[in-house]
Structures are given as C-alpha cells and as structure tokens.
Amino acid sequence: SQLPAPGANYAPNGLTVSEIAVYGTEENLPVEPSNNLALGKEVTANPEIISNNPNEDGSTGVARLNLVTDGEITNGWEKGCWYNPSIDVENTDFKPWIQIDLGQSYEIGNIKYFGLMPPDYPGYTNTSYNMVFQVSNDPTFQDDTTVTVFNSDKNKFFGFGEGTDTDEPNTMNGRFIEFEAVNARYIRYYQHGSKMSDHNPPGWRNSLSAVEIEVYA
C-alpha cells in the first residue's frame, strides 16, 4: 500500500474509525415493563407499623403507607414508609409486612422494589435484609393462591423456608424482581432489618422500609 506523504501524521500500528452503525428491527430491542399496576393503589400493613409511621402533624401513619405507591422515587429518610421501633433489641416475635391491593387480579410477572435510601451522604448506602415478596388472590395470604416470588430470608425468620435470593444496597434504580407469571390481586412485602453501609453496626435490626413498590404484568 502507498505510504503517507512526508510530514504527514503516520501511525504504523494505528486503527481509525469514523463511524459504526448498527441496525435492527424493534423486536430485537429489550422491552422495559410499563403500566405500573400498583400506582395509586391502596396500601395496608400490620397495625403496629401504622402506629410507628406518624405523619409530620402527628396523625395516623396511613398516609405514609401511601408513599409506597405514589409514583415518587427520591432519597431521604422521610420519603417512604419506614418501620423502625428499636435499634438495640431484636424483636423476634413481630413479623412486619405491608400489602398492596391492586383492585383486581392480574397475571403478574415483575415487581420493582425501591428501598429506603439515605440523603446525599458520600459513601453511604442502605441495604434491606431478610426480604420476602408474596403474591396472592387471598387478602390474608392463607390459601393456595399464595406464592413466594422472592426470598432473601436466609434465617427463615418469616417461616417461608430458607431464602436463596440475595440482599443488595438500595439504589435509585430499584431492585427488579422477575418471576413466572402468577395470577394475583395482592402483593405483600416482608422485611426484617437493614443496615447503612458500615456506619451503624449492627444496623436497624427490626426495620421495614419501602420508598416505592411497582408491579407489572
């Protein structure tokens, strides 16, 4: 091949690219879930969780439960439902949960969980532990329509068997949980404990928190 003219920039081992274009049809593109079935839906919980989630004016904590399905995802301790009765003593008797009523049954195959995130403190993260998600057509979660779709409760605290899923730090991107579609109307979320990086050992042993829970078919 012909060499560049004298004085020209020349890299004998170089590689240059002006443009790379990739084409395909829409069916090849990943499909993000849409139509959050939980948006604006009613949220209930154990009575003790409600009494431990007071609003700013001191009234009942039901309004804080509604933050779980209000569609707003932000960081900060006041931005979600947070049950945290005691840091020092572990309560092994109380099994905290919150529950979403979708209003009717759907074929559900995806849940996205946004856990409580600290304000913008450099190097701080918060991780939810011993998480369980169940779906059901029974509001009491007692009949055979009840299915456990996520379980990181390795110590079997909630009695649903040894969890094999992992705990991960909560982020603004959320935790996407995908499973084989199940016909269900109700979503129940259990959690026992959380920890903020290495800054608060041993963490909040009895806490349950959720900024947002999204549900998709």
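Every chain's residues receive numbers from 1 upward, in the order its sequence appears when written. Owing to the predicted nature of the model, reporting of local features is limited to residues with pLDDT of at least 70; listing and counting of side-chain atom pairs is limited to 80 or more, with chain, interface and lining totals taken over all residues. Excluded from the side-chain calculation are hydrogens and water; included are all heavy atoms of the structure.

Colleague: Sorry if this is basic, but what is going on with the packing of aromatic side chains here?
Modeller: Classification of ring pairs uses Phe, Tyr and Trp, with its six-membered ring standing for Trp, and accepts pairs whose centres are within 6.5 Å; under 30 degrees between planes counts as stacked, over 60 as edge-to-face, and the remaining range as tilted. The tally for this structure, following the rule as stated, stands at 6 aromatic pairs. Ring geometry for Y113 against Y189: centres 4.9 Å apart, planes inclined by 35°, an arrangement best described as tilted. Note that Y113 is positioned in strand β3 (residues 97-114) and Y189 in strand β7 (residues 175-190), a separation of 76 residues in sequence. Judged on exposure class, the residue Y113 and its partner Y189 are both buried. For the ring pair F157 and F158, a centre distance of 5.0 Å and an interplane angle of 90° mean the geometry is edge-to-face. Residue classification places F157 among the buried residues on the basis of a relative accessible area of 12%. In this analysis the charged atom, NZ for Lys or CZ for Arg, is taken to sit over a ring once it is within 6 Å of the ring centre and within 35 degrees of the ring normal. Positioned over the ring face of F157 is K95, at 3.7 Å from the centre of the ring. Across from the ring centre of W97, 3.7 Å away, lies the NZ or CZ of R188, which sits over that ring. Only runs of H or I of at least four residues qualify as helices and only runs of E of at least two qualify as strands under DSSP, and these elements are numbered from the N terminus. Here the term buried applies to any residue with accessible area under 20% of the maximum for its type, exposed to any over 50%, and partly exposed to those in between, with areas from a 1.4 Å probe on protein chains only.

Colleague: Mind showing me how you'd approach the environment of K95 here?
Modeller: Looking at the element boundaries, K95 is found in the loop between β2 (81-83) and β3. Taking C-alpha positions, K95 is 8.5 Å from N46, a pair spaced 49 residues apart along the chain. If we skip the residues at most four places from it in the chain, K95 touches N46, F157 and F158. N or O atoms closer than or at 3.5 Å make up a polar contact, with two conditions inside protein: a donor-capable atom paired with an acceptor-capable one, and, for residues adjacent in sequence, both atoms drawn from side chains. A polar atom in the side chain of K95 sits 2.8 Å from the backbone oxygen of F157. Whether two residues are in contact is decided by their heavy atoms: any pair within 4.5 Å suffices.

Colleague: Sorry if this is basic, but what is going on with unusual backbone geometry here?
Modeller: Note on backbone geometry: most residues besides glycine have negative phi, and most peptide bonds are trans. A positive phi angle is found at N130, which is not glycine, with a value near 50°. Mapped onto the secondary structure, N130 falls in the loop between β4 (126-128) and β5 (132-136). Even without a glycine there, the phi angle at F141 is positive, about 55°. Residue position: F141 is located in the loop between β5 and β6 (147-151).

Colleague: Explanation requested: the side chain of D101 in the structure shown.
Modeller: Examined against the element boundaries, D101 turns out to sit in strand β3. Leaving out residues up to four positions away in the same chain, D101 has contacts with K41, E42, R185 and Y186.

Colleague: Help me understand the side chain of N46, please; the structure alone is not making it clear to me.
Modeller: Turning to its location among the elements, N46 is positioned in the loop between β1 (42-45) and α1 (47-51). Among the polar contacts made by the side chain of N46, one reaches the main-chain carbonyl oxygen of K95 at a distance of 3.2 Å. A distance of 2.7 Å separates the side chain of N46 from the backbone nitrogen of W97, its partner in a polar contact. For N46, the contacting residues outside a window of four places in its chain are F94, K95, P96 and W97.

Colleague: I keep staring at the nonpolar core and nothing clicks. Help me out?
Modeller: Across soluble globular proteins, nonpolar side chains have a tendency to be buried as a group. Membership of the largest hydrophobic core comes to 31 residues, with the highest contact counts inside it found for I49, I98, I111, F133, I187 and I213. Sorting the residues of this core by element identifies β1, β2, β3, β5, β6, β7, β9 (208-210) and β10 (212-216) as the ones contributing at least two each. Setting aside chain neighbours within four positions, we find F133 in contact with I111, Y113, V147, T148, V149, F150, I177, I187, R188, Y189 and I213. For the purposes of this section, nonpolar cores are sets of buried Ala, Val, Leu, Ile, Met, Phe, Trp, Tyr and Cys residues that join through side-chain atoms within 4.5 Å. Grouped together as the second largest cluster of nonpolar side chains are 5 residues, W97, F157, F158 and Y190 included.

By themselves, these figures tell us nothing about what the structure is for.
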